[in-house]
Amino acid sequence: MRTTSSGPAAPPSAPTAGGSVPCGEGQTRLLYERHHGPLLRYVSGLLHGDRQRAEDFVQETLLRAWLSTADQPADWAPSRAWLFRVAHNLVVDWTRREQSRPERHQELLEAHAEPVDPISEAVHRCFLVDALSRLSPSHREVLFYLYVLGWTGPDTADALSIPPGTVKSRTHHAIRELRRRHPQHTLVAA
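About the cut-offs
- Residues numbered from 1 in each chain as written.
- Predicted model: local features only at pLDDT ≥ 70, side-chain atom pairs only at ≥ 80, totals over all residues.
- Heavy atoms only, no water.
- Helix = DSSP H or I, 4+ residues; strand = E, 2+ residues; numbered from the N terminus.
- Contact = heavy atoms within 4.5 Å.
- Areas by Shrake-Rupley, 256 points an atom, 1.4 Å probe, with all protein chains shown as cover.
- Core = buried A, V, L, I, M, F, W, Y, C linked by side-chain atoms within 4.5 Å.
- Buried < 20%, exposed > 50% of the residue type's maximum accessible area, 1.4 Å probe, protein only.
- Phe/Tyr/Trp six-rings, centres within 6.5 Å; stacked < 30°, edge-to-face > 60°.
- Salt bridge = Lys/Arg side-chain N within 4 Å of Asp/Glu carboxyl O.

## Thoughts on the overall build of the protein
Alright, step 1. In terms of regular secondary structure, the protein is built from 8 helices and 2 strands.
Alright, step 2. In the protein, once contacts between residues fewer than 6 apart in sequence are set aside, the share between residues at least 24 apart is 54%.
Alright, step 3. By element, 55% of the accessible surface of the protein is carried by carbon and sulfur atoms, the whole surface being about 12600 Å².

What follows is the structure, encoded as structure tokens:
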């Protein structure tokens, strides 16, 4: 639900999946006017003052309320407690998703960032793509973790769920194969 200078705009009365039409514009406007402020204050508190994100959650909550009216009796209106619970669940779900995203890759990339000549980088990348594409997937995977991500052997073994000895063996055989196929680039495959 977006607001304009003349007041809050209501979503169009389009049929839902069940074929019925959600509540009309007047009911939607009333829902918005009654609950927008308290919901916004509540969600802002949950998000420690992030008002923009809180507004997004409030809009999603009110949208879900509007869509829910199609499946309810004609005189049904969502209570404030129902709206608060929906908003709370949206914030909790979002927080869990954000916390489950691993930050390790970003930290590794930032730690290894260095200025690079774009032309030589493109040539080097083409060579690597061609050379690595000729390796087996398991060898390619180990080299990616060790040399591109910069992980240690034990970390690579944990990530791939294989023994550390297998990581060493695959690395040895992959580098040997790269050196065999590209003897002129032994420094790249070292």
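From this point, the narrative continues.
## Side note on the nonpolar core
Considering soluble globular proteins, one finds that nonpolar side chains tend to be buried as a cluster.
Alright, step 1. Judged by nonpolar contacts, the single largest core of 16 residues is most densely connected at Leu39, Val43, Leu47, Phe57, Val58, Leu62 and Leu83.
Alright, step 2. Breaking this core down by element, the ones donating at least two residues are helix H1 (25-46), helix H2 (51-68) and helix H3 (80-100).
Alright, step 3. Sequence-distant contacts of leucine 39, that is, excluding residues within four places in its chain, are made with Val58, Thr61, Leu62, Leu83, Phe84 and Ala87.
Alright, step 4. Listed in part, the 9 residues of the second largest apolar core include Tyr145, Ala157, Ile162 and Val167.

## Side note on the packing of aromatic side chains
By convention here, two paired aromatic rings are described through the distance between centres and the angle between planes.
Alright, step 1. Enumeration according to the criterion identifies 5 aromatic pairs in this entry.
Alright, step 2. Between tryptophan 76 and tryptophan 82, the aromatic rings sit 5.7 Å apart at their centres with planes inclined by 90°, giving edge-to-face as the arrangement.
Alright, step 3. Pairwise contacts between aromatic rings join Phe144, Tyr145 and Trp151 into one cluster.

## Overview of the side chain of histidine 35
Alright, step 1. Position of histidine 35 among the secondary structure elements: in helix H1.
Alright, step 2. Discounting residues that sit within four places of it in the chain, histidine 35 has contacts with Pro78, Arg80 and Leu83.

## Some remarks on the pattern of salt bridges
A side chain of one charge can pair with a side chain of the opposite charge when the charged atoms of the two come close.
Alright, step 1. By the definition in use, this model includes 5 salt bridges.
Alright, step 2. Of the charged contacts in the structure, one is a salt bridge between arginine 53 and aspartate 50, with a shortest N-O distance of 3.3 Å.
Alright, step 3. Owing to a relative accessible area of 29%, aspartate 50 belongs among the partly exposed residues under this scheme.
Alright, step 4. The salt bridge partner of glutamate 60 is arginine 64, with a shortest N-O separation of 2.8 Å. On the criterion of helical spacing, the pair formed by glutamate 60 and arginine 64 is a turn pair, its members being 4 residues apart in helix H2.
Alright, step 5. Assessed through its relative accessible area of 29%, glutamate 60 is described here as partly exposed.
Alright, step 6. Looking at arginine 64, the relative accessible area reads 39%, which means it is partly exposed.

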